[in-house]
Amino acid sequence: MELRLSRVVLRLWVAAVLLFLFVPIALVILYAFNDSRIETWPIAHYSTKWFSVAWHDPEVRSSLWLSFKAGLFASAIAVVLGSAAAFGVHKYRFFGREAVSLLLVLPLALPGIITGIALKSTFDYAGIDLSLLTIIIGHATFCIVVVYNNVVARLRRVSGSLLEASADLGAKPWQTFRYVTLPSISTAVVSGALLAFALSFDEVIVTTFTAGAQNTLPLWIFGAIRLGQQLPEVNVVVVGVLILTVIPVAIAVRLTGRAGIR
Amino acid sequence: MDHAQGEPQPPPAAIRLTGLRKRFGDTVALDGVDLAIRAGEFFTMLGPSGSGKTTMLRVIAGFEQPDAGTVELHGEDVTQRPPYLRDVNTVFQDYALFPHMDVQDNVEYGLRIRKVDRSRRRERAAAALELVGLAGLGSRKPSELSGGQRQRVALARAIVNEPSVLLLDEPLGALDLKLRQGMQVELKRIQRDVGITFVYVTHDQEEALTMSDRVAVFNRGQIEQVGSPVEIYDRPTTEFVAGFVGVSNLVSHGGQTYAIRPERVQLLDPTGVAPTSAVLSRGTVTDTVFLGVLTRYTVALDDGGSLVAVRPNLERGSLSESDLRGQAVIAAWQLDQATDIEMSADLAGEHVEESA
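Thresholds, definitions, all that
Residues numbered from 1 in each chain as written. Chains lettered and ligands numbered in written order. Predicted model: local features only at pLDDT ≥ 70, side-chain atom pairs only at ≥ 80, totals over all residues. Heavy atoms only, no water. Axes fitted to C-alpha atoms, helices over the stretch in contact; angles between N-to-C directions. Helix = DSSP H or I, 4+ residues; strand = E, 2+ residues; numbered from the N terminus. Left-handed = near helix turned anticlockwise from the far one by under 90°. Contact = heavy atoms within 4.5 Å. Nonpolar A, V, L, I, M, F, W, Y, C, P; charged D, E, K, R; others polar. 1 Å grid on protein atoms, 1.4 Å probe; cavity = no way out; pocket = protein on both sides within 12 Å on 5 of 7 lines; lining within 4 Å. Points joined across faces, edges and corners; volume = space filled by probe spheres on them. Buried area = accessible area lost by both parts, 1.4 Å probe. Salt bridge = Lys/Arg side-chain N within 4 Å of Asp/Glu carboxyl O. Polar contact = N/O pair within 3.5 Å; in protein donor to acceptor, adjacent residues only side chain to side chain. Pairing = 2+ DSSP bridges. Buried < 20%, exposed > 50% of the residue type's maximum accessible area, 1.4 Å probe, protein only. Phe/Tyr/Trp six-rings, centres within 6.5 Å; stacked < 30°, edge-to-face > 60°. Core = buried A, V, L, I, M, F, W, Y, C linked by side-chain atoms within 4.5 Å. pLDDT = per-residue confidence, 0-100. Parallel < 35°, antiparallel > 145°, perpendicular 65-115°, else oblique. Lys, Arg positive; Asp, Glu negative; His and termini not counted.

Chemist: Hey, could you run me through the packing of helix α3 (residues 58–91) of chain A against helix α8 (residues 173–201) of chain A in this one?
Modeler: Helix packing geometry: the angle between the two helix axes and the distance between the axes. Residue and element names in this part refer to chain A. Here α3 crosses α8 at 145°, and the two axes come no closer than 8 Å. Here α3 and α8 pass one another in a crossing that is right-handed. Here Leu-64, Ser-67, Phe-68, Ala-70, Gly-71, Leu-72, Ser-75, Val-79, Ser-83 and Phe-87 of α3 come into contact with α8, specifically with Phe-177, Thr-181, Ile-185, Val-189, Ala-193, Ala-196, Phe-197, Ser-200 and Phe-201. Taken together, the residues of the contact of α3 with α8 sort by class into 13 nonpolar, six polar and no charged.

Chemist: Can you help me understand the layout of surface pockets in this one?
Modeler: Empty space among the atoms can be located by rolling a probe the size of a water molecule over them. All names here are of chain A. Volume-wise, the largest pocket comes out at about 580 Å³. As for the largest pocket, its lining consists of 17 residues, and the residues nearest its centre are Lys-91, Leu-163, Pro-173, Thr-176 and Thr-181. Elements with a minimum of two residues in the lining of the largest pocket: α3, α7 (160–168) and α8. In terms of residue class, the lining of the largest pocket is built from 10 nonpolar, four polar and three charged.

Chemist: Looking at this structure, I do not really get the interface of chain A and chain B. What am I missing?
Modeler: It is common to give the size of an interface as the accessible area that goes away when the parts come together. Taken together, the 21 residues of chain A in the interface contact 25 residues of chain B. Buried surface at the junction of chain A and chain B, summed over both partners, amounts to about 1900 Å²; 61% is from carbon and sulfur atoms. Taken together, the links from chain A to chain B amount to one salt bridge. Taken together, the connections running from chain A to chain B amount to seven residue pairs in polar contact (both at pLDDT 80 or more).

Chemist: Can you walk me through the sheet that holds strand β14 (residues 279–290) of chain B in this structure?
Modeler: Sheets are built from strands that pair by backbone hydrogen bonding, the pairs being arranged parallel or antiparallel. Residues and elements named next belong to chain B. Reading across from one edge, β13-β17-β14-β15-β16 is the order of the five strands in this open sheet, with antiparallel pairing throughout. Only two strands of the sheet have a single neighbouring strand rather than two, namely β13 (266–268) and β16 (306–312). Across this sheet, the average inter-strand angle for adjacent strands is 45°, counted without regard to direction. As judged from the six bridges shared by β14 and strand β17 (residues 328–333), these two strands associate in the antiparallel manner.

Chemist: Explanation requested: the pattern of salt bridges in the structure shown.
Modeler: Two side chains that carry opposite charge are able to pair once their charged atoms sit near each other. One pass over the full model with this rule turns up 18 salt bridges over all chains. For the salt bridge of Asp-124 of chain A with Lys-120 of chain A, the shortest nitrogen-to-oxygen distance reads 3.4 Å. Taken together, the residues Asp-124 of chain A and Lys-120 of chain A, both in helix α5 (residues 112–126) and four residues apart, mark about one turn of the helix. The class for Asp-124 of chain A is partly exposed, based on a relative accessible area of 47%. The closest approach of N and O atoms between Glu-108 of chain B and Arg-121 of chain B, which form a salt bridge, is 3.1 Å. Taken together, the residues Glu-108 of chain B in helix α2 (residues 103–113) and Arg-121 of chain B in helix α3 (residues 118–131) connect sequence positions 13 residues apart.

Chemist: Hey, could you run me through the packing of aromatic side chains in this one?
Modeler: For any pair of aromatic rings, the description rests on two quantities: the centre-to-centre distance and the angle between the ring planes. All chains considered together, the criterion is met by 12 aromatic pairs over all chains. Ring geometry for Phe-33 of chain A versus Phe-51 of chain A: centroids 5.1 Å apart, planes at 40°, classification tilted. Of this pair, Phe-33 of chain A sits in the loop between α1 (2–32) and α2 (49–56) while Phe-51 of chain A sits in helix α2; the two residues are 18 residues apart in sequence, bridging distant segments of the chain. When its relative accessible area of 28% is taken as the criterion, Phe-51 of chain A is described as partly exposed. Taking the centre distance of 5.6 Å and the plane angle of 40° together, the rings of Phe-42 of chain B and Tyr-200 of chain B count as tilted. With Phe-42 of chain B in strand β3 (residues 42–46) and Tyr-200 of chain B in strand β8 (residues 197–202), this residue pair connects regions lying 158 residues apart in the sequence. Under the relative-accessibility criterion, Phe-42 of chain B is labelled buried at 0%. Under the relative-accessibility criterion, Tyr-200 of chain B is labelled buried at 0%.

Chemist: How should I be thinking about the sheet that holds strand β1 (residues 15–24) of chain B in this particular structure?
Modeler: All names here are of chain B. Strand order in the open sheet made by the four strands is β2-β1-β4-β5, with antiparallel pairing throughout. The open sheet is flanked by β2 (27–37) and β5 (76–77), the only strands paired with a single partner. Here helix α1 (residues 53–61) sits on the sheet and contacts β1, β2 and β4 (68–73); the angle it forms with β1, its principal contact strand, is near 115°.

Chemist: I keep staring at unusual backbone geometry and nothing clicks. Help me out?
Modeler: Note: most residues except glycine have negative phi, and most peptide bonds are trans. Residue and element names in this part refer to chain B. Unusually for a residue other than glycine, Tyr-95 sits at a positive phi of about 70°. Counting through the fold element by element, Tyr-95 comes out in the loop between β6 (88–91) and α2. The phi dihedral of Arg-220 is positive, around 50°, even though this residue is not glycine. Here Arg-220 lies in the loop between β9 (214–219) and β10 (222–227). Its relative accessible area of 67% is what places Arg-220 among the exposed residues.

Chemist: I would appreciate a short explanation of the environment of Val-204 of chain A in the present structure.
Modeler: Residue and element names in this part refer to chain A. By secondary structure assignment, the location of Val-204 is in the loop between α8 and α9 (205–210). What makes Val-204 partly exposed here is its relative accessible area of 28%. As for Val-204 and Tyr-148, which are separated by 56 residues in sequence, their C-alpha atoms are 22 Å apart. Not counting the four nearest positions on each side in its chain, Val-204 is found in contact with Pro-218 and Leu-219.

Chemist: For this particular structure, what's the right way to read the nonpolar core?
Modeler: Across soluble globular proteins, nonpolar side chains have a tendency to be buried as a group. All names here are of chain B. The biggest cluster of nonpolar side chains holds 38 residues, and the ones touching the most others in it are Ile-15, Met-45 and Met-56. The biggest single contributor to this core is α1, with five residues. Formed by 34 residues, the second largest nonpolar core is a distinct cluster that contains Val-103, Ala-128, Ala-156 and Leu-187.

Chemist: Sorry if this is basic, but what is going on with the confidence of the model for chain B here?
Modeler: Where the model shows low pLDDT, its predicted coordinates should not be examined in detail. All names here are of chain B. Scored by pLDDT, chain B comes out at a mean of 86, with 91% of its residues at no less than 70. The low-confidence segment residues 345–356, where pLDDT is below 50, has 29 contacts with residues more than four positions distant or belonging to other chains. Here the prediction assigns the complex a pTM of 0.75, and the interface score ipTM is 0.79.

Chemist: Even after reading the chapter, I still don't get the packing of α3 of chain A against helix α6 (residues 132–157) of chain A, so can you show me in this structure?
Modeler: Residues and elements named next belong to chain A. One way to put it is that α3 packs onto α6 with a least axis distance of 5 Å and a crossing angle of 40°. By the criterion of interaxial angle, the relationship of α3 to α6 is oblique. For the element pair α3 and α6, the recorded crossing hand is right-handed. The class makeup of the residues in the contact of α3 with α6 is 23 nonpolar, four polar and two charged.

Chemist: Would you take a moment to explain the side chain of Arg-261 of chain B for this structure?
Modeler: All names here are of chain B. Topologically, Arg-261 is positioned in the loop between β12 (256–260) and β13. Despite its burial, Arg-261 pairs with no opposite charge; the closest candidate is Glu-263, at 5.5 Å N-O. At 3.1 Å, the side chain of Arg-261 forms a polar contact with the backbone oxygen of Val-247. In this structure the side chain of Arg-261 is engaged in a polar contact, spanning 2.9 Å, whose partner is the side chain of Ser-248.

What follows is the structure, given as structure tokens:
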């Protein structure tokens, strides 16, 4: 009896947590289909007209495009630098290795506002105008961490005897890298890149400091909410961001879960 | 080369190891090892874990650099060469199959690296898979195979390259008993078929005795004895070998320590006529253990110490196991059936040394 009771309580608890997490999101999605300009409950009429309005809004379009480019380039940089750092830290034992590996992960733990201010003053100091480039650099700081973490975790799981077996069968170090190491970590790199893209796509704080006059999609949402004029459109755009973030994250989770070393 | 008239020239050793030393931190893994392994032989390095046998194998493969000493393959010094420039292949204890490749690609890997052309590769991989009894499984992923099958793939992947030496690191360790016994026979067959020198590492003395042409017994980074299985078993030269390979009684007689195998100790009726040529000791049977083929008796000797003797159960019920317990017997053994043993100082004086 006691066991059954605790099981019921546990289930209710999980349900409550899930509700707490997802009801607000569900509300936003519902409101995106609200016909009226004013958010009232219950929703009187449903319509998809705001989707069309948002799609044809040039501001939304340009900020969507900007976010997309920023995410793409930031994750590309992250893939190159993050994997390289992961190889270095994994393969070589050098003085200060632990410190380097901590420093690499730090940007993710650091409050975005610190990263943002630091980058902004650096750009000011160096005389670099805020642009797409500065957004990309800002996003890359935390995207690199995501890829690095993913790849380092996978490298730890690749058994050392695989690399020895490859060398034993006549493969030179670059061949071992090409035919054994790379295929073993490829899914980790891809899932890291997808997570990085998702993070970049909805980043607000660092972007605020590095974007200059242009708006990324989250910045546009932020501004529109403050002005309060385009709430229905905001709901639609949020749904869009939601989809564009959830899809890469879901793929990334599948890749990491399934394609381990079996 | 014409040596028809002169002395027969010994064939060059497949592997010659000279003065090998290797330490890991404070642990001495190899403490001065000299060894020559002949071409085409099934050579086993036997020893308990931590005795240096696996380090030895890894030094031959090139995964470890010795601190001192040289490794020669067919007369060529390869000590400084990386693994990919040595004509040896390894079957790893954990198989180390590439998980992202199917069986076919795993087996072809070495050939692909050596740029053997595609059709030739297919042919040789198919032959290797056939040899290990896995024909037709080329498209499976390693994760879809049983432990025994993976072991065979690892073997095929190494053999397909036709190396001059094949190194096997406890390859049967992860298999269950029946499978292991089957593979022992098969490994021996494969070795005879392909004629490659096998260097086999194991801690299982039965495995070593069954398969090998010669055995080196390792202990604490050194080789205690090298010889054929029969020599190792019948004429162990050190106390360690006598204890590690099979079971031995260590007996003092006339100021010398001898090792005598339990099956060569006879138990006699104390009232009967004793053979004059034998060494005789009176005692009492304290324990009998029925082992199926054999029954094992422990005899407490009247003048101290004990002896283990076994007898085959040749007839059904010929010796019901309780028959002898508590009985006075004479344990008899022939001097020419025993071996002189160098005693290590700390163990001298103990009479019975047993080991699994």
